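Residues per chain are reported as follows:
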Amino acid sequence: MGYWKPKEGVYLLALSGGPDSVALLRMMLDEGCHVEAAHCNFHLRGAESDRDEAFCKDLCERLGVKLHVVHFDTKEFAELRGISIEMAARELRYRWFTQLAHDTGAEGVCIAHHSDDQIETILLNMLRGTGLKGLLGMQRQNGIFVRPLLGMSRKDILSYLDHIGQDYVTDSTNLEDDVQRNKLRLDVIPMLEKVTPAAKPNILRMADNLSDVEKVVEQSLEDALQQCSAASHSGQAYSMKEIRSYASPRLLLWSIVSELGFNREQATEMLSSTEGGKTWTSQRSVAVISNDTLFIYALAEWSKPLPTLRIPETGLYNFHDGKIRISIVEESDTKPSKESNVATMDADALSFPLTLRPVKDGERFTPFGMKGSKLVNDYLKDKKVEPIERHQQLVVTDAKEQIIWLVGRTIDERVKVREDTKKIMKVEITGDEDRAVNGTAQN
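Residues numbered from 1 in each chain as written. Predicted model: local features only at pLDDT ≥ 70, side-chain atom pairs only at ≥ 80, totals over all residues. Heavy atoms only, no water.

**So, the overall build of the protein**
Thought 1: When helices and strands are counted, the protein shows 16 helices and 22 strands.
Thought 2: Whereas a compact globule of 443 residues would reach a radius of gyration of roughly 22 Å, the protein reaches 31 Å, over 25% beyond that.
Thought 3: In terms of principal-axis extent, the alpha carbons of the protein reach across some 100 × 45 × 40 Å.
Thought 4: Counting contacts in the protein only where the partners sit at least 6 residues apart, residues at least 24 apart contribute 66% of the total.
Thought 5: Surface accessibility of the protein: about 23,600 Å² in total, with carbon and sulfur atoms responsible for 49%.
Thought 6: Of the charged side chains in the protein, 56 are positive and 67 negative, and the gap between their average positions amounts to 5 Å. (Helix = DSSP H or I, 4+ residues; strand = E, 2+ residues; numbered from the N terminus. Rg over C-alpha atoms; globule rule 2.2 N^0.38 Å. Contact = heavy atoms within 4.5 Å. Areas by Shrake-Rupley, 256 points an atom, 1.4 Å probe, with all protein chains shown as cover. Lys, Arg positive; Asp, Glu negative; His and termini not counted. Charge placed at Lys NZ, Arg CZ, Asp CG, Glu CD.)

In structure tokens form, the structure reads like this:
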């Protein structure tokens, strides 16, 4: 098995019953490896699926190998997820292999992909418009998954099985040209070999040559990522100026956002975007560009529910994991509060009911010490407040829906405590709503 030297311990082997996985099982046993087999019955080929399972059970019993078997309703899973049968089967088996490896304490999971599979993968990636990584094909080792047969061809494998007199089962769907990979295997690759007899080894040599190029690119990208990284309280941040100064801005940006689920169209928009508050969303992340900085946050954190609470009178109120206390104080001290979680205001300048809620788009207020109104978002941007904090900013409004407190930051000038103030309203927020009170004092 050439390049791969198994460690001591147990290895799982994905055993379908076909020639590739059967050959790998026999080779690993010959090498003295401690192997346990894992077979998936996807119930996609009727009696054939059950035949394959029975074959694997019989083979493992004869060889003294422990066999793990799982049954999947693949069609139902594909329908529920809205994905193809092929994608469903892949997701199901790799999820199960990963869990089984964890449960058994296995050193890794061996997959019987060979060089012909590698060629098909590279060609499929090309047809999908792949980048450099796609042209490299499958990795010999990717986390716990190992592919010991990538250096062997299907012809070599069949010859080995014939030499040792080992039988196997054949998946009839592999003989049909109704899916992309089979079309490549049965039609395209034989045609390429007519054009160039050395087509298959040449494709493999290209992937091998490009692996050296990838190492150079990866090192360059790693250095560039450090250069363009910026500070963020709650997520990841990158200087767009630094990204644009890289030799290939598109490649650098793609290396950042592709791992977070964004697509190439979104990456292109980000690269050409100017200020405007646009957000991009993937299944697990949100990206925002502000002050020429790309901020990326977890979608769950960005979308977390924010409180809306009506406060009819003074008292102590609960919201989410926090509390808000409203009290009226008659005192001569007219200095504004210096604590970010406490606001003191002229009680006669506002009226109940108060409301604690998230700020709305386009809302304005008059910041403490200023004349004229200002958009809340503009005020926060001027203060270099991160996008997620602006997005989750809480305000307290009075009966007229007038913002009286930008929570944790500043009160409205119109309700400030003055020298002739007779009654002071004190609003205090406590609890785990960190972003609600993570600001500066009201002045």
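**Considerations on the sheet that holds strand β3 (residues 66–71)**
In a beta sheet, neighbouring strands pair by backbone hydrogen bonds and run either parallel or antiparallel.
Thought 1: Read from one edge to the other, the open sheet built from six strands follows the order β3-β2-β1-β4-β6-β5, with strand pairing classed as mixed. Strands at the two margins of the open sheet, each flanked by one partner only, are β3 and β5 (141–142).
Thought 2: In the sheet, strand β1 (residues 10–14) pairs with strand β4 (residues 108–110) via three bridges, with the strands oriented parallel. Bridging from a neighbouring strand, Leu 12 pairs with Val 109 of β4.
Thought 3: Against the sheet, helix α1 (residues 19–30) touches β1, β2 (34–41) and β4, its axis set at about 160° to β1.
Thought 4: Most of the contacts of helix α2 (residues 47–63) go to β2, to which it runs at about 165°, and overall it touches β2 and β3. (Pairing = 2+ DSSP bridges. Axes fitted to C-alpha atoms, helices over the stretch in contact; angles between N-to-C directions.)

**Observations regarding the packing of helix α3 (residues 74–81) against helix α4 (residues 85–104)**
Thought 1: Where α3 meets α4, the axes come as close as 9 Å, and the angle between the chain directions of the two elements is 105°. Classed by the angle they form, the pair α3 and α4 counts as roughly perpendicular. Note on element contacts: α4 touches α3 through Ile 85, Ala 88, Ala 89, Glu 91, Leu 92 and Arg 95, opposite Thr 74, Lys 75, Phe 77, Ala 78 and Arg 81.
Thought 2: Tallied by class, residues from the contact of α3 with α4 come to six nonpolar, one polar and four charged. (Parallel < 35°, antiparallel > 145°, perpendicular 65-115°, else oblique. Nonpolar A, V, L, I, M, F, W, Y, C, P; charged D, E, K, R; others polar.)

**Quick notes on the side chain of Ser 290**
Thought 1: Here Ser 290 is to be found in strand β10 (residues 285–290).
Thought 2: According to the relative accessible area criterion, Ser 290 is buried, its value standing at 1%. (Buried < 20%, exposed > 50% of the residue type's maximum accessible area, 1.4 Å probe, protein only.)

**Let's talk about the environment of Gly 315**
Thought 1: Note that Gly 315 resides in strand β13 (residues 315–319).
Thought 2: Residues Gly 315 and Ser 327, spaced twelve residues apart in sequence, show a C-alpha to C-alpha distance of 6.5 Å.
Thought 3: Sequence-distant contacts of Gly 315, defined by excluding residues within four places in its chain, comprise Ile 324, Arg 325 and Ile 326.

**Observations regarding α3**
Each turn of an α-helix holds 3.6 residues, which means side chains three or four residues apart point in the same direction.
Thought 1: Looking only at α3, the buried set comprises Thr 74, Phe 77 and Ala 78. Viewed along the axis of α3, the buried residues span an arc of 100°, placing them on a single side of the element. The exposed set on the far side of α3, more than 90 degrees from its buried face, consists of Glu 79 and Leu 80.
Thought 2: Just downstream of α3 lies Gly 82, where phi reads positive at about 65°. (Arc of directions from axis to C-beta.)

**So, the packing of aromatic side chains**
Thought 1: Under the definition given, this model contains seven aromatic pairs.
Thought 2: The interplanar angle of 25° and the centroid separation of 5.7 Å between the aromatic rings of Phe 42 and Phe 72 together place this pair among those described as stacked. Separated by 30 residues along the polypeptide, Phe 42 in the loop between β2 and α2 and Phe 72 in the loop between β3 and α3 bring together distant segments of the chain.
Thought 3: Given the relative accessible area of 17%, Phe 42 is considered buried.
Thought 4: For Phe 72, a relative accessible area of 14% corresponds to the buried category. (Phe/Tyr/Trp six-rings, centres within 6.5 Å; stacked < 30°, edge-to-face > 60°.)

**Focus: the pattern of salt bridges**
Thought 1: For the coordinates displayed, the defined rule picks out 22 salt bridges.
Thought 2: A salt bridge links Glu 53 to Lys 57; the shortest N-O distance between them is 2.9 Å. Taken together, the positions of Glu 53 and Lys 57, both in helix α2 and four residues apart, correspond to about one turn of that helix.
Thought 3: Given the relative accessible area of 41%, Lys 57 is considered partly exposed. (Salt bridge = Lys/Arg side-chain N within 4 Å of Asp/Glu carboxyl O.)

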